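# Remarks on the overall topology
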Amino acid sequence: MRREEIQNLLKSQDLGTVKPSAFKQVGNPIFPDESARFGMETVRDVVDTFRAVHSPSFGSIISQSGKSVSVIGDSGQLLALDGNEVARIFIVSVSPTTLPESVTIFVDGLPYVTANTDPLVAVNILAGMQPLFVDSTQVVTFTAVSATQTVSIGYNLVSQ
């Protein structure tokens, strides 16, 4: 199988539409012997290229994508992404007004973390935890038990 044959075969297609029988027609099955080495390298190149474009790159931060959002109240939506975005949340800061407070962060309606806060002291309730990754199908919200809070979220978009 020559490199040009498989590259022409895959031109204007994606891996979802390519049929395995097309590879067999071009060069028969690839077996791990010396004569198949170049064919295997070509397939490896195709897979690596697809992976580089379409697969997560271990959460690499996209430069200049950092944002923060603040919500004042006893509940609210902190983050809802658009399209195919993925965010790495690295801080959720809670600043209670006057009373000790309990605040719960929810991801898609499921409780992720609950923290108790002291009056007038901002606290990062994700301190000591791994960053939280969410995508555009997940909404991040919060609920406070009784008092008005200022809840802030800091995040970066990551490659996907």
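These figures come from a predicted structure and were not determined experimentally.

With that settled, consider the overall build of the protein chain. The helix and strand inventory of the protein chain stands at three helices and nine strands. Counting over 160 residues, the protein chain shows a buried share of 30%. Taking the contacts inside the protein chain whose residues are at least 6 apart along the sequence as the reference set, 77% of them involve residues at least 24 apart. A total of about 9,900 Å² of accessible surface is found on the protein chain, and carbon and sulfur atoms cover 55% of it.

The topology assignment puts V123 in strand β6 (residues 123–124). For V123 and V92, which are 31 residues apart along the polypeptide, the C-alpha to C-alpha distance reads 8.1 Å. Residues within four places of V123 in sequence aside, it is in contact with V92, S93, V94 and T117.

For the rest of this paragraph, the subject is the side chain of S93. For S93, the location among the structural elements is in strand β3 (residues 86–96). Leaving out residues up to four positions away in the same chain, S93 has contacts with A122, V123, N124, T150, V151 and S152.

This part takes up unusual backbone geometry. Here Q64, not a glycine, exhibits a phi torsion of approximately 60 degrees, which is positive. Here Q64 lies in the loop between α3 (37–54) and β1 (67–73). Positive phi, close to 55 degrees, is recorded for D108, a residue that is not glycine. With respect to the secondary-structure elements, D108 resides in the loop between β4 (101–107) and β5 (110–117).

Spatially, four strands are ordered β2-β8-β4-β5 in an open sheet, and the strand pairing comes out antiparallel. The two strands at the open ends of the sheet, each matched to only one other strand, are β2 (75–80) and β5. Across the sheet, the axes of successive neighbouring strands diverge by a mean angle of 20 degrees, strand direction being ignored. In this structure, β4 lies alongside strand β8 (residues 139–144), joined through five bridges in antiparallel fashion. Bridging from a neighbouring strand, F106 pairs with T141 of β8.

Attention now moves to the pairing of strand β7 (residues 132–135). Burial along β7 is one-sided: the residues L132 and V134 are buried and none of F133 and D135 is. As judged from the four bridges shared by β3 and β7, these two strands associate in the antiparallel manner. Pairing of V86 across the sheet is with D135, part of β7.

Right, let's get into the nonpolar core. If you look at the biggest cluster of nonpolar residues, it comprises 24 residues, and the most contacted ones within it are L78, L79, I89, V92, I105, V134 and V140. Among the elements of the structure, β2, β3, β4, β5, β7, β8 and β9 (149–157) are those that each provide at least two residues to this core. Residues in contact with I89, not counting those within four places in the same chain, are L79, L126, P131, L132, V134, V140, I153, G154 and Y155.

Reading guide: rules and limits
- Residues numbered from 1 in each chain as written.
- Predicted model: local features only at pLDDT ≥ 70, side-chain atom pairs only at ≥ 80, totals over all residues.
- Heavy atoms only, no water.
- Helix = DSSP H or I, 4+ residues; strand = E, 2+ residues; numbered from the N terminus.
- Buried < 20%, exposed > 50% of the residue type's maximum accessible area, 1.4 Å probe, protein only.
- Contact = heavy atoms within 4.5 Å.
- Areas by Shrake-Rupley, 256 points an atom, 1.4 Å probe, with all protein chains shown as cover.
- Pairing = 2+ DSSP bridges.
- Axes fitted to C-alpha atoms, helices over the stretch in contact; angles between N-to-C directions.
- Core = buried A, V, L, I, M, F, W, Y, C linked by side-chain atoms within 4.5 Å.

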